[in-house]
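# Chains, contacts and geometry: an overview
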Amino acid sequence: MKVKRSIGGVIFDIFKYVMLIAASVIALVPVVVCVLAAFKSNEEYAASSVLDLPSSFVYFENFKIAWEQANMARCFLNTAVVLVVVLIVSVFTGSMLAYVLNRFKFPGRGAVENLFLFASLLPGIAMQVTIYEIMQSLGFINHLYGYMIVLMGTDIISIYIFLQFFENLSTSLDESAIMDGCTYFGVFFRILFPLLKPAIMTSLVLKGVSVYNEYYASNLYLQLPELKTISTALYTFTGPYGNQYNYICAGVLITIIPILVFFLVFQKQVYSGMASGAVKG
């Protein structure tokens with residue numbers, strides 16, 4: 001019996017490592033292809049396969065062309081403005097709404113929570129015609145503030161993250177602060193909000209990644225060249241007569257740099273925030 005178990009354990013370990021290696025290869029091959037293509041000239045890219053090494057890894061002309069022709073400096077600025085505003089507003093509105101729903105009892109409270117759950121289950125693409133008509137009637141098309149309102153209005157996940165976290169914060173904190181003369185706003189901003197740091201970090205990571213990578217709404221509502229975000233900038237090199245993949249890959253590597261730097265600098269906070277949010281939520 002022990003022999004059978006040991007053989008089964010060995011087979012399981014082999015299967016496990018084979019699957020891990022296969023998953024790693026599947027995840028890394030697109031990145032490797034992108035890196036190789038970014039350092040190839042037009043002629044070299046056309047004459048070689050996607051896995052052929054470039055003649056030189058110090059060929060930065062593609063990066064220069066991608067940066068200038070796609071106007072990536074302006075796109076990074078637009079994305080940064082959208083990212084900062086959306087994240088700040090989402091954190092405050094999500095946490096305050098979760099505070100109200102968790103701490104106060106009022107008629108229709110359960111219906112509101114269920115409506116948020118129902119809204120999170122609806123596919124976004126199914127509502128785009130209605131949303132576009134509303135945006136057009138309000139004059140929000142081709143304006144960054146209109147685009148930011150759309151992104152802030154779809155932040156259902158953050159609300160539930162804060163709701164779950166509030167479930168683990170004792171109401172005795174509120175009662176003690178109110179007995180000491182603190183208002184409800186004081187209870188939230190002075191007592192509870194500082195305790196939400198793990199939930200805030202979790203919300204910032206999830207929402208920040210989705211906003212940075214968001215393409216559909218950006219392409220739909222920001223059609224002027226000066227309003228492009230970083231997710232739509234790379235489509236400068238696509239067209240009906242072909243795509244310039246070496247420039248696109250160079251642009252992709254440029255767009256990865258900010259996220260990579262952020263992760264390397266704040267990886268401890270990211271991991272601790274998401275782990276704490278998962279355990280306490």
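Because the structure is predicted, anything quoted here is derived from the model rather than measured. (Residues numbered from 1 in each chain as written. Predicted model: local features only at pLDDT ≥ 70, side-chain atom pairs only at ≥ 80, totals over all residues. Heavy atoms only, no water.)

Here we take up unusual backbone geometry. The general pattern is negative phi for most residues beyond glycine and trans for most peptide bonds. For asparagine 71, which is not a glycine, the phi torsion comes out positive at approximately 50°. Relative to the helices and strands, asparagine 71 resides in the loop between α3 (61-69) and α4 (72-103). For asparagine 142, which is not glycine, the phi dihedral falls at a positive 60°. Positionally, asparagine 142 belongs in the loop between α6 (128-138) and α7 (144-152). (Helix = DSSP H or I, 4+ residues; strand = E, 2+ residues; numbered from the N terminus.)

Below, the discussion takes up the nonpolar core. With 22 residues, the main nonpolar core has Ala38, Phe63, Met72, Phe76, Ile230 and Phe237 as its most contacted residues. Contributions of two or more residues to this core are made by α1 (2-38), α3, α4, α13 (230-233) and α14 (245-280). Top contributing element to this core by residue count: α14, with six residues. Apart from residues no more than four positions distant in its own chain, phenylalanine 63 is found in contact with Ala38, Phe39, Ala250, Leu253 and Ile254. Among the nonpolar cores identified, the runner-up in size contains 20 residues, and Tyr99, Leu163, Phe166 and Leu169 belong to it. (Core = buried A, V, L, I, M, F, W, Y, C linked by side-chain atoms within 4.5 Å. Buried < 20%, exposed > 50% of the residue type's maximum accessible area, 1.4 Å probe, protein only. Contact = heavy atoms within 4.5 Å.)

The subject of this paragraph is the packing of α4 against helix α5 (residues 109-121). One way to put it is that α4 packs onto α5 with a least axis distance of 10 Å and a crossing angle of 140°. By the angle between their directions, the pair α4 and α5 is classed as oblique. Here α4 and α5 pass one another in a crossing that is left-handed. On the side of α4, the interface is formed by Leu97, Leu101 and Asn102, while α5 contributes Arg109, Val112, Glu113 and Phe116. Here the contact of α4 with α5 is built from residues that sort into four nonpolar, one polar and two charged. (Axes fitted to C-alpha atoms, helices over the stretch in contact; angles between N-to-C directions. Parallel < 35°, antiparallel > 145°, perpendicular 65-115°, else oblique. Left-handed = near helix turned anticlockwise from the far one by under 90°. Nonpolar A, V, L, I, M, F, W, Y, C, P; charged D, E, K, R; others polar.)

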